[in-house]
Structure formats: C-alpha cells, structure tokens
Amino acid sequence: MTDPSIAISSPSFSPAAATTPVANRPIAARTRLLLEGPVLSTLLRLSAPNVLNLLAIAGMITFDGLFLGRLGADALAGVSLAFPFVMLIQHAANGGVGGGVSSAIARALGAGRRDRADALVYHTFVLAIGLAALFSTSMLLGAPYVFRWMGGQGEMLSAAFSYSNVAFSGAISICMLNLLGGAVRGTGNMTLPSTVIASSVLAHVVISPLLIFGWGPMPALGPAGAGWGLTLSFGAGSLVLIAYLRSSRAPITLAFRGVPLQLALFAEILKVGVPGLVNVAITNLSVVLLTGIAGRLGRETAIGYAMGARLEYILLPVGFGFGTAIVAMVGTNWGAKQYRRAREIAWTGASMVAATYATIGLIAAVLPVVWLSLFSNDEEVIRVGTWYLQIAGPIYGFYGLGMALHSAMQGFGSVVLIVLANGVRLLASAGGALFAIYWLDLGAIGFFVAVAIGFCGFAAMAVNLMFRVKAPASTAL
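Since the model is a prediction, treat every value here as computed from it, not as a measurement.

**Brief notes about the overall build of the protein**
Item 1. Secondary structure assignment for the protein yields 17 helices and two strands.
Item 2. Contacts in the protein between residues far apart in sequence, at least 24 positions, make up 84% of those at least 6 positions apart.
Item 3. Total accessible area on the protein is roughly 17,700 Å²; 67% of this is exposed by carbon and sulfur atoms.

So, in structure tokens, the structure goes:
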C-alpha cells in the first residue's frame, strides 16, 4: 500500500443512446435526488429508514442473548460460539456482497443503463442461492472443529451445535433477504428493504421464545428454537422482496425468463462484493479469533469479552445504516462522473458515522453494567466485560470512521486496499493480544488495549487511502 495514488477507473459502461424517457420512470426523481440533492440532508434522509435496521438487529442480538441466558451459562456460552458465524452470513450478504449489488445497480442507474440494472437483479438472485450454498456447506462441515478450537465442550458444545445446525442450514433465507434488499437500496429506496428486514427481525423476536421454551403443545426446542425463529422469519421477508421486485411498482425488475447469465454482470457485482465479503469475514473473524484468545484466560474472560463485543454487532448495523446511503450516493455520482461531489459525500458520511460510533462507545464506557447485565449476573463476567467496554468504547469512533470509508470505497467501485487495511487491523489486534498476554503478562487488560490499538490503526490507514483516491485523469474535476 505504498503507491502514491489509487486510480479508479470510471464504470465500464456508458449511458445508452436511447432509453425510456427518465421522467416517465418511477426511479427518475430518486436518481435526481442522489445526483443533485444537498449532501448532508440527503444522506440523513436516506439513512433514516435504516435506523429500523439498527433497532431490528439490535433487538435480535439483545433478545436472543436475553432468552438464551435464561437457559443457563452453558447455553449462552455455546450459542456465543456460533453467533459470530451467523452474523458473518448476515453481514456478508448485507454489507459485503449486498454492498456490491447496491454499488453495481447504483452505477448502472447513474449512467442511464436501466436495462443493465434489471439484468443485475436476476444475477443477484442467482448469487444469493450460490452464496447460501457456500455458507451452509462450509459452516456445517467446519463447525465441529472450529467450536472445539474456541473452547467448546460438554453442554456448551451441545448448545452450539443445536443452534448452529438450524441457523447454518437456513442460510438461504438470510442471503436472499439481504441481497435483494441491496438491489432495492441501489435504486435509492432505503425504506422498503429496511421495513421488511425490521419486520422479519420483529417476527423472530416474537416467535423465538415460543420455540425456545415451548408453548402449549409446542415442545421446547432450546437453542435450536432461536435458529428456527431466524430462518422462518427471514424466509418470509425474502418472499416479500421477491414479490415486490416482480411487481409493476418496482423501478427495477426481477425476471426469471429472457435474462441470460453473463459473466460480466457477475463480475460487476463481485469486483466490489468479493472484497466486501472478505472485509466482512475479517470483521467477524476478528471476534472469533479474539474470543478464542480470550478463552485462554478462562471461561469468564471469554464470556465477558463476548458480551462486550456484542455491542460491536450493534455498531455494525449503525455503520450499515449510513453506509448503504453512502454507497448509493457515491456510486450514483461516480457513475455520472460527478467525482468531486462523490468525494464530498464520502467525507460527510464518514464524519457522521464516526460521531455516532463515538457517542455510543462513550455511553457504554460510562455505563457498562447497563449493557452487560442484560446477559449475565455473574460478577466476574461483568467485571471483565466492564474492562473491555471502558478501554475499547472510547475508541469506537475510529472504528466507525474506517467502516464508513469502506462504504465510500464500495461506491467508488474499488475496495481491495481498504479490505487489506482491515486485515492488518485483525493481525495487529490478535498479534498484540498474544504479545500482551504471553510476553508482557498483562492479562485481560493488555488484551483489550491491543484490540483498541487495532481500531485506531484501521482508521489511520482508511483515511490515508481515501486521500489517495483519484478520478480518471481525463475527466477529473
């Protein structure tokens, strides 16, 4: 990452010579808003519906932990082993490949290619099936080895398998809901996918306790009930989005006939989606790896860190709420060759996300017990979790800055280097944690400081990469 600049080519397509008149298409006003609306107010307007996603995902994370915690420490600890991988599927489909979908469709619409945008929707549907098959197969086969490496044994391991076997088998519902949601967001419509996802999560929160604890003739399924609640509710949400994209109300159309599969369209999505997928994998792997390292310090330390780190899974949807708006606005303006405006959007959005992360992190640092007591009453778990939130919480603003700039780079259509930067963060945090524990004998405190340093380093690298972004020389503003 020592090149003096990052040259990002303009999209490989150009506006068609003759298209359906823009004024007659439902997407026209929305596209004009992305291209011409005031930057800050438009970002806020587009981000607002995604607050539903924030509340929904936060509810899922919080209530799942609350319900499962009533089954005992082993059930909660066991599901905590599988939970990062379920969130990996969610974030990979949402902000990873889903970000590639949004970016590709936004750039196609910005360039006036609505026929291309329609074709991209069908390719998105096919990708959702393929991505789900990949996740289900690899995770079902790999879970026994990974969970044991993370310290799972006995009742704890049994709970992990009970939950993960159902959730991993139902990956198709998570992938389809989030990738099709990304397609709709690429048109600038943030309200519909956010509403559908929020409704799906609400349904999950309602039916999961019935499945976990049983009700009337319905038997108690234990941890597996949480997996079934997720799969059924997200599957229903997927059907709603499929119906919308096949209706006359949608500005882009999901057609199953007459759309030949084209490698170029898969590549258009995956050139952003694959690095985004890798970035999501790195983000979730960091929690898995660090949970494994924490486990070497004892079960209470592992649970304390995992409960504190659950807050980061709530921060990610916050970044996603703003990030989807950043991707759509940056991508549309980049496709329309409005490079200066695209960069202004990127920095404005990054500032908003950093401020939001910092605020939540500071609140958690000041009032850690309010969060941690939702999941456990164990004094040692709360004590360790408090250390983590007091050390990492004030640093969350830097993490938010890096994640928002990643969204901006998705809009530009080039994210490889910023994904590498996130990988460096993971290596720095894990390596620093091992060094602090085994060489400096600093225990949990040194471990948590290493994690915080990793967040700061990621932000510094992301800012450096953004300053080096250049528009094509022939059209740079």
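So that's the structure; there's more coming.
**Points about the side chain of Thr-231**
Item 1. Its place among the elements puts Thr-231 in helix α9 (residues 223-245).
Item 2. Here Thr-231 falls in the buried class, since its relative accessible area comes to 15%.
Item 3. When neighbours within four sequence positions are excluded, Thr-231 is seen to be in contact with Val-166, Ala-167, Gly-170 and Ser-173.

**Section: the pattern of salt bridges**
Item 1. In the structure shown here, the tally under the stated rule is one salt bridge.
Item 2. Put simply, Glu-268 and Arg-116 hold a salt bridge, and the shortest N to O gap is 3.6 Å. Linking Glu-268 in helix α10 (residues 263-295) with Arg-116 in helix α5 (residues 114-149), this pair joins segments that are 152 residues apart in sequence. For the residue pair Glu-268 and Arg-116, the accessibility class agrees, reading buried in each case.

**Some thoughts on a nonpolar patch on the surface**
Item 1. Taken together, the side chains of Leu-434, Phe-435, Tyr-438, Trp-439, Leu-440 and Leu-442 define a hydrophobic patch exposed on the protein surface, amounting to about 670 Å² of accessible area.
Item 2. The exposure class of Leu-434 is partly exposed, given its relative accessible area of 34%.

**Regarding the packing of helix α2 (residues 39-47) against helix α12 (residues 339-366)**
Item 1. The geometry of α2 relative to α12 is characterised by a closest axis approach of 10 Å and an angle of 60 degrees between their N-to-C directions. The angle between α2 and α12 places the two elements in the oblique class. The element α2 and its partner α12 pack so that their crossing is right-handed. From α2, Val-39, Leu-40, Leu-43 and Leu-44 reach across to α12, where they touch Arg-341, Glu-344, Ile-345, Thr-348, Gly-349 and Met-352.
Item 2. Grouping the amino acids of the contact of α2 with α12 by side-chain chemistry returns six nonpolar, two polar and two charged.

**Description of the packing of aromatic side chains**
Working definition: an aromatic ring pair is given by the centre-to-centre distance plus the angle between the planes.
Item 1. According to the stated counting rule, one finds eleven aromatic pairs in the structure shown.
Item 2. Judged by centre distance (5.2 Å) and plane angle (40 degrees), the rings of Trp-347 and Phe-467 are tilted. With Trp-347 in helix α12 and Phe-467 in helix α17 (residues 443-467), this pair connects stretches of sequence that are 120 residues apart.
Item 3. Judged by relative accessible area, Trp-347 falls into the partly exposed class, the value being 27%.

**Some remarks on the confidence of the model for the protein**
Item 1. In the predicted model, the protein carries a mean pLDDT of 78, and 85% of its residues have values of at least 70.
Item 2. At the low end of the mean pLDDT range in the protein sits strand β1 (residues 6-7), at 44; at the high end sits helix α7 (residues 171-185), at 90.
Item 3. Throughout residues 1-28 the model reports pLDDT below 50, and contacts reaching past four residues in sequence, or to other chains, amount to 57 contacts.

**Overview of helix α6 (residues 154-169)**
Item 1. Taking 1.5 Å of rise per residue, the 16 residues of α6 would be expected to cover 22 Å, and the 23 Å separating its terminal C-alpha atoms lies within 8% of that figure.
Item 2. For α6, the complete set of buried residues consists of Met-156, Leu-157, Ala-159, Ala-160, Phe-161, Tyr-163, Ser-164, Val-166, Ala-167 and Phe-168.

**Describing α2**
Item 1. Those residues of α2 that fall on the buried side of the exposure criterion are Val-39, Thr-42, Leu-43, Leu-46 and Ser-47. Projection of α2 onto a plane perpendicular to its axis shows the buried side chains occupying an angular sector of 125 degrees, all on one side.

**A short note on the packing of α7 against α9**
Item 1. It is the contact of α7 with α9, at a shortest axis distance of 8 Å, that shows an interaxial angle of 35 degrees. Crossing of α7 over α9 shows left-handed handedness. Where α7 approaches α9, its residues Ser-173, Ile-174, Met-176, Leu-177, Asn-178, Leu-180, Gly-181 and Val-184 are matched on the opposing element by Leu-230, Thr-231, Phe-234, Gly-235, Gly-237, Ser-238, Leu-241, Ile-242, Tyr-244 and Leu-245.
Item 2. Here the contact of α7 with α9 is built from residues that sort into eleven nonpolar, seven polar and no charged.

**Describing the side chain of Ser-136**
Item 1. Inspection of the secondary structure assignment puts Ser-136 in helix α5.
Item 2. Looking at Ser-136, the relative accessible area reads 11%, which means it is buried.
Item 3. Setting aside anything within four residues of it in sequence, one finds Ser-136 in contact with Phe-168, Ser-169 and Ala-171.

**Details of the environment of Tyr-396**
Item 1. Note that Tyr-396 resides in helix α15 (residues 396-412).
Item 2. Taking relative accessible area as the criterion, Tyr-396 reaches 0% and is therefore assigned buried.
Item 3. As a C-alpha pair, Tyr-396 and Glu-312 span 84 residues in sequence and 8.6 Å in three-dimensional space.
Item 4. Apart from residues lying up to four places away in sequence, Tyr-396 is in contact with Gly-308, Leu-311, Glu-312, Leu-315, Tyr-357, Ala-358, Gly-361, Tyr-388, Leu-389 and Phe-455.

**Looking at the environment of Ala-226**
Item 1. In this structure, Ala-226 sits in helix α9.
Item 2. Exposure remark for Ala-226: the relative accessible area of 0% places this residue in the buried category.
Item 3. Measuring from C-alpha to C-alpha, the distance between Ala-226 and Ala-167 comes to 8.3 Å, with 59 residues separating the pair along the chain.
Item 4. For Ala-226, the residues in contact, after removing those within four places along its chain, are Leu-68, Tyr-163, His-204, Ser-208 and Ile-212.

Here is what the cut-offs are and how they apply
Along every chain, residues carry numbers that run from 1 in the direction the sequence is written. The predicted nature of this model means local features are confined to residues of pLDDT at least 70 and side-chain atom pairs, given and counted, to a pLDDT of 80 or more, with totals for whole chains, interfaces and linings taken over all residues. Processing note: side-chain calculations cover all non-hydrogen atoms of the structure and skip hydrogens and water entirely. Helix and strand labels come from DSSP, where a helix needs a run of H or I of at least four residues and a strand needs a run of E of at least two; each type is numbered from the N terminus. Note on contacts: a residue pair is in contact if any heavy atoms of the two residues lie within 4.5 Å. The Shrake-Rupley method, run with a 1.4 Å probe sphere, supplies the accessible areas, and residue values consider only the shown protein chains as cover. When accessible area is computed with a 1.4 Å probe and restricted to protein chains, residues below 20% of their type maximum are described as buried, those above 50% as exposed, and intermediate ones as partly exposed. Note on definitions: salt bridges are taken to be side-chain nitrogens of Lys or Arg within 4 Å of carboxyl oxygens of Asp or Glu. Patch criteria: residues need more than 30% relative accessible area and no salt bridge. Like-charged residues are merged within 9 Å; nonpolar side chains of Val, Leu, Ile, Met, Phe, Trp and Tyr are merged within 5 Å. The angle between two axes is taken between their N-to-C directions and runs from 0 to 180 degrees, where each axis is a line fitted to C-alpha atoms and a helix contributes only its stretch in contact. Angles below 35 degrees are treated as roughly parallel, those above 145 as roughly antiparallel, those between 65 and 115 as roughly perpendicular, and all remaining angles as oblique. If you view the pair so one helix is near and one far, a crossing is left-handed when the near helix is turned anticlockwise from the far one by less than a right angle, and right-handed when it is turned clockwise. In this count, Pro and Cys sit with the nonpolar residues alongside Ala, Val, Leu, Ile, Met, Phe, Trp and Tyr, while Asp, Glu, Lys and Arg are called charged and the others, Gly among them, polar. Stacked, tilted and edge-to-face pairs are distinguished by plane angle, under 30 degrees for stacked and over 60 for edge-to-face with tilted covering the rest, among Phe, Tyr and Trp rings (Trp via its six-membered ring) whose centres lie within 6.5 Å. On a range of 0 to 100, pLDDT expresses the predictor's confidence in each residue. Residue count minus one, scaled by 1.5 Å, sets the expected span of a helix. Working note: the arc is built from the helix axis to C-beta atom directions.

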